[in-house]
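The residues making up each chain are set out below.
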Amino acid sequence: MLRAIGNILWFILGGLVMGLAWWLIGLVAFITIIGIPWGRACFVIGQFTFLPFGREAVDRKLITGRDDLGTGALGLLGNIIWFILAGFWLAIGHITMALALCLTIIGIPFALQHLKLALLTLAPVGKVIVQR
């Protein structure tokens, strides 16, 4: 019940805006064709951004127990390219929302969630969203 209330408040207090921002970046990535892997990650994380409470982003290597394209050296390169082209701007959006939400006591838990998502914008390649 608390997760549902948290997710509803989150959606109103920035989740909708930032989720749509992730999806917009995903659409741009899909248009470039070479960016399809990043676009797919944007849609998954965008959906996570809409309703994050009760879920978390973890390294795919923790789930599978082995490296793959997204968790190895190519994943690192992908994350560097991602951060330069799009991740930086999404991080600024999440940090701005967090600063605005920190102005009230009620907004602090939501600000912390925005900061977690800002960290996710640094390296989304190789991550998977799981239930807590």
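Above this text is the structure in question.
Quick notes on the rules
- Residues numbered from 1 in each chain as written.
- Predicted model: local features only at pLDDT ≥ 70, side-chain atom pairs only at ≥ 80, totals over all residues.
- Heavy atoms only, no water.
- Helix = DSSP H or I, 4+ residues; strand = E, 2+ residues; numbered from the N terminus.
- Rg over C-alpha atoms; globule rule 2.2 N^0.38 Å.
- Buried < 20%, exposed > 50% of the residue type's maximum accessible area, 1.4 Å probe, protein only.
- Contact = heavy atoms within 4.5 Å.
- Areas by Shrake-Rupley, 256 points an atom, 1.4 Å probe, with all protein chains shown as cover.
- Lys, Arg positive; Asp, Glu negative; His and termini not counted.
- Charge placed at Lys NZ, Arg CZ, Asp CG, Glu CD.
- Axes fitted to C-alpha atoms, helices over the stretch in contact; angles between N-to-C directions.
- Parallel < 35°, antiparallel > 145°, perpendicular 65-115°, else oblique.
- Nonpolar A, V, L, I, M, F, W, Y, C, P; charged D, E, K, R; others polar.
- Patch = residues over 30% accessible without salt bridge, like charges linked within 9 Å, V, L, I, M, F, W, Y side chains within 5 Å.
- Salt bridge = Lys/Arg side-chain N within 4 Å of Asp/Glu carboxyl O.
- Core = buried A, V, L, I, M, F, W, Y, C linked by side-chain atoms within 4.5 Å.
- Bend = angle between axes of the 7 residues up to and from the residue.

Caption draft 1: Inspection of the overall build of the protein at higher detail. Scanning the protein from terminus to terminus reveals five helices and two strands. Mapped in sequence order, the helices and strands of the protein form the string α-α-β-α-α-α-β. In summary, the protein has a C-alpha radius of gyration of 15 Å against a globular reference of 14 Å for 132 residues, a match within 12%. Based on the C-alpha atoms only, the size of the protein along its principal axes is roughly 40 × 30 × 20 Å. Within the protein, the proportion of its 132 residues that are buried is 36%. The contacts in the protein between residues at least 6 apart in sequence include a share of 71% that link residues at least 24 apart. When the accessible surface of the protein is summed, it comes to about 7900 Å², and 78% of that surface belongs to carbon and sulfur atoms. With 9 positive and 4 negative side-chain charges, the protein shows a separation of 7 Å between the mean positions of the two kinds.

Caption draft 2: Molecular detail of the packing of helix 1 (residues 2-31) against helix 2 (residues 36-50). Across the interface, helix 1 lies against helix 2 with an axial gap of 7 Å and an inter-helix angle of 170°. Between helix 1 and helix 2, the crossing angle belongs to the class labelled roughly antiparallel. In the contact of helix 1 with helix 2, the residues fall into 17 nonpolar, eight polar and one charged.

Caption draft 3: Broad picture of a nonpolar patch on the surface. On the surface, Met1, Leu2, Ile5, Ile8, Leu9, Phe11, Ile12, Leu13, Leu16, Leu20, Trp23 and Leu51 cluster together into a nonpolar patch covering about 1200 Å² of accessible area. With respect to the helices and strands, the residue Leu2 is situated in helix 1.

Caption draft 4: Focus on the nonpolar core. Within the largest apolar cluster, 17 residues are counted, with the highest numbers of intra-cluster contacts made by Trp22, Trp82, Leu90, Leu117 and Leu120. For this core, the elements supplying multiple residues, two or more each, are helix 1, helix 2, helix 4 (73-101) and helix 5 (108-122). When residues in this core are grouped by element, the largest group, five residues, is from helix 4.

Caption draft 5: Spatial organisation of helix 1. Along helix 1, the sharpest kink reaches roughly 65°, centred on Phe11. Of the residues making up helix 1, those classed as buried are Gly6, Asn7, Trp10, Gly14, Gly15, Met18, Gly19, Trp22, Gly26 and Ala29. Considering only its buried residues, helix 1 is in contact with helix 2, helix 4 and helix 5.

Caption draft 6: Quick look at the pattern of salt bridges. On inspection of all chains with the given rule, the structure shows one salt bridge. Between Lys127 and Asp59 there is a salt bridge; the shortest N-O distance is 2.6 Å. Highlighted residues: Lys127 in strand 2 (residues 127-131) and Asp59 in strand 1 (residues 55-59), separated in sequence by 68 residues. Lys127 gets classed as partly exposed once you look at its relative accessible area, which sits at 29%. You can call Asp59 partly exposed: its relative accessible area is 35%.

Caption draft 7: The arrangement of the packing of helix 1 against helix 4 in detail. Relative to each other, helix 1 and helix 4 sit at 170°, their axes nearing to 11 Å. In terms of their interaxial angle, helix 1 and helix 4 are classed as roughly antiparallel. Along its contact with helix 1, which presents Leu13, Gly14, Val17, Met18, Ala21, Trp22 and Ile25, the element helix 4 presents Trp82, Ala86, Leu90, Gly93, His94, Met97 and Leu101. For the contact of helix 1 with helix 4, the residue count by class is 11 nonpolar, three polar and no charged.

Caption draft 8: Region of interest: the environment of Gly46. Structurally, Gly46 is set in helix 2. Those residues in contact with Gly46 that lie beyond four places of it in its chain are Gly19, Trp22 and Trp23.

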